[in-house]
Amino acid sequence: MAVVDGWEWDDTLFSGTAPYYRRGRLPYAPGLADMLAEVLRLDGRGRLIDVGCGPGTLALSLAHLFAEIVGVDPDSGMLSEAGRGAAEAGVSGKSRWVRVRAEDLPAGLGTFTVATFAQSFHWMDRDLVAATIRDMLVPGGAFVHISDLKTERRSVDGLPYPAVPHAAMDELVRHYLGPVRRAGRGVLPQGTPGGEAAVLTRAGFSGPRRHVVPGGQALERTSDDVVAGVFSMSFSAPHLFGARRAAFESDVRLLLREVSPSGRFSERIPGTEVFVWGKNPAEP
């Protein structure tokens, strides 16, 4: 089943982005792990499955709250980064990184207390995946949908460096790749789908309970950080530029120098929006 009409997932979607992820992506709001620990009553036991885990950013931040964390992702580069991150954090013994598409679960992975989807659910056959995950959760388990808060304006007024010129960089991407958003070997003219509530209700989950972890904390970013952020995105993944990749990066760096000759930029951490959906404790 297609994520949206006219587009099918393929394995180049995030090809080549993994080395840029940890440096380029903005972090989730501080306090996310503490909020989830309180809301879900996490105590170091139980099992977490992070679906579409990427380089393990979320799962590793929650490792102390579970006896085992399992990250699943179809991109081998992402899983290699996750494994390195687990080793650096000293949690290799309680973590597993499994190359599998969400649509091919349960893949013999067993049952879980919590399933997290951090800005990944929209890439999946959501009805199929929601139903599968519901069966993989223990009674009373939780499906947790996590994303950046999209409704806030994050001004850098009062901070020491210029703002990252996101709009100008997006225009540069369009100049190189065309006006329609790229995604793997295809395009997404209307972007990725929303409407998660209807999908999860159809799958038999109850809820949701909505929580917002406040952001706004100031960050200092270098030009290298910003370039990494560009190459971490599916719509500007390195492979999409082909032989023009070096020229594109050169143009991005020229733009950044014009905006900030020092090569430093100010940003604010976005707030994090969390929707917690439950599986009825009486259900098997």
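Preceding this section is the structure that the text describes.
Below you will find a few notes about this structure.

Reading the values: the criteria
All residue numbers refer to positions counted from 1 along the written sequence of the respective chain. Where totals are concerned, whole chains, interfaces and linings use all residues; where local detail is concerned, this predicted model gives features only for residues with pLDDT of at least 70, and gives and counts side-chain atom pairs only at 80 or more. In computing side-chain properties, one takes all heavy atoms of the structure into account and sets aside hydrogens as well as water. Put simply, DSSP H or I for four residues or longer makes a helix, DSSP E for two residues or longer makes a strand, and each gets a number counted from the N terminus. Using C-alpha atoms as the atom set, the radius of gyration is obtained and then compared with a globule rule of 2.2 Å times the number of residues to the power 0.38. Whether a residue is buried, partly exposed or exposed follows from its accessible area with a 1.4 Å probe, protein chains only, as a fraction of its type maximum: under 20%, in between, or over 50%, in that order. Contact between two residues is taken to exist if any of their heavy atoms lie within 4.5 Å; hydrogens are not considered. Values of accessible area rely on a 1.4 Å probe in the Shrake-Rupley scheme; residue burial ignores everything except the protein chains shown. In this count, Lys and Arg are taken as positive residues and Asp and Glu as negative ones, while His and the chain termini are left out. Every charge is mapped onto a representative atom, which is NZ of Lys, CZ of Arg, CG of Asp or CD of Glu. Each pair of aromatic rings taken from Phe, Tyr and Trp, with Trp reduced to its six-membered ring, is defined by centres within 6.5 Å and is described as stacked if the planes are under 30 degrees apart, edge-to-face if over 60, and tilted in the remaining cases. Lysine and arginine charges are scored as sitting over a ring when NZ or CZ, respectively, is within 6 Å of the ring centre and within 35 degrees of the ring normal. If DSSP finds at least two bridges between two strands, the strands pair. Inter-axis angles, ranging from 0 to 180 degrees, are taken between N-to-C directions of lines fitted to C-alpha atoms, where helices are fitted over the stretch in contact. Salt bridge, as used here, is a side-chain nitrogen of Lys or Arg placed within 4 Å of a carboxyl oxygen of Asp or Glu. In this description, a nonpolar core means a group of buried Ala, Val, Leu, Ile, Met, Phe, Trp, Tyr and Cys residues linked to one another through side-chain atoms lying within 4.5 Å.

1. Some details on the overall build of the protein chain
At step 1: Of the regular secondary structure elements, the protein chain holds nine helices and eleven strands.
At step 2: A compact globule built from 284 residues would reach a C-alpha radius of gyration of about 19 Å, and the protein chain, at 19 Å, matches this within 12%.
At step 3: Taken over the C-alpha atoms alone, the protein chain extends approximately 60 × 40 × 35 Å along its principal axes.
At step 4: Buried residues in the protein chain amount to 50% of all 284 residues.
At step 5: Within the protein chain, contacts between residues at least 6 apart in sequence are counted, and of these 82% link residues at least 24 apart.
At step 6: Surface accessibility of the protein chain: about 13,100 Å² in total, with carbon and sulfur atoms responsible for 52%.
At step 7: Treating the 31 positive side-chain charges of the protein chain as one cloud and the 33 negative ones as another, the clouds have centres 1 Å apart.

2. Thoughts on the packing of aromatic side chains
At step 1: Evaluated as defined, the whole model comprises twelve aromatic pairs.
At step 2: Relative to Trp123, the ring of Phe14 has its centre 5.9 Å away and its plane inclined at 90°; by these criteria the two rings are edge-to-face. Of this pair, Phe14 sits in the segment before helix H1 (18–24) while Trp123 sits in the loop between strand S4 (112–118) and helix H5 (126–136), placing them 109 residues apart in sequence. Of the two residues examined, Phe14 and Trp123, each falls in the buried class.
At step 3: Centroid distance Tyr176 to Phe241: 6.2 Å. Interplanar angle 70°. Geometry classified as edge-to-face. Of this pair, Tyr176 sits in helix H6 (residues 166–177) while Phe241 sits in the loop between helix H8 (223–231) and helix H9 (245–259); the two residues are 65 residues apart in sequence, bridging distant segments of the chain.
At step 4: When its relative accessible area of 13% is taken as the criterion, Tyr176 is described as buried.
At step 5: Owing to a relative accessible area of 5%, Phe241 belongs among the buried residues under this scheme.
At step 6: Among the aromatic residues, ring-to-ring pairing joins Tyr20, Tyr176, Phe231, Phe241 and Phe248 into one connected group.
At step 7: Above the plane of the ring of Phe112 lies Arg47, whose end atom (NZ or CZ) is 4.2 Å from the centre.

3. Here we look at the sheet that holds strand S3 (residues 95–99)
At step 1: Read across the open sheet, the seven strands follow the order S3-S2-S1-S4-S5-S11-S8; overall the sheet is mixed. On the outer flanks of this sheet lie S3 and strand S8 (206–213), each paired with one strand and no other. Averaged over neighbouring strand pairs, the angle between their axes works out to 20° when direction is ignored.
At step 2: As defined by bridge partners, strand S1 (residues 47–51) adjoins S4 across three bridges and the pair is classed as parallel. Residue pairing in the sheet places Asp50 in a bridge with Thr116 of S4.
At step 3: Each of strand S2 (68–73) and S3 is contacted by helix H4 (residues 76–89), which is oriented at about 170° to S3, the strand it contacts most.
At step 4: Docked against the sheet, H5 engages S1, S4 and strand S5 (137–148), running at close to 135° with respect to S5.

4. What about the pattern of salt bridges?
At step 1: According to the stated counting rule, one finds 19 salt bridges in the structure shown.
At step 2: In this structure, the salt-bridge partner of Glu81 is Arg22, at a minimum N-O distance of 3.9 Å. Residue Glu81 is located in helix H4, and its partner Arg22 is located in helix H1; the two are separated by 59 residues in the primary sequence.
At step 3: For Glu81, a relative accessible area of 12% corresponds to the buried category.
At step 4: With its nearest N and O atoms 2.9 Å apart, the salt bridge here joins Asp127 to Arg202.

5. Notes on the nonpolar core
At step 1: Leu32, Leu36, Leu40, Trp97, Val144 and Ile146 are the most contacted members of the largest nonpolar core, which totals 33 residues.
At step 2: Only helix H2 (32–40), helix H3 (57–61), H4, S4, S5 and strand S11 (272–278) provide two or more residues apiece to this core.
At step 3: Per-element accounting of this core gives the leading share, seven residues, to H2.
At step 4: Setting aside chain neighbours within four positions, we find Trp97 in contact with Cys53, Gly56, Ala59, Leu60, Ile69, Gly71, Leu79, Ala82, Gly83 and Ala86.
At step 5: In terms of nonpolar packing, the next biggest core, distinct from the first, is built from 25 residues, Ile49, Val51, Val98 and Trp277 among them.

6. Some remarks on the environment of Arg41
At step 1: Structurally, the position occupied by Arg41 is in the loop between H2 and S1.
At step 2: Spatially, the C-alpha atom of Arg41 lies 35 Å from that of Asp225, the residues being 184 residues apart in sequence.

Just geometry here; none of it tells us what the structure is for.
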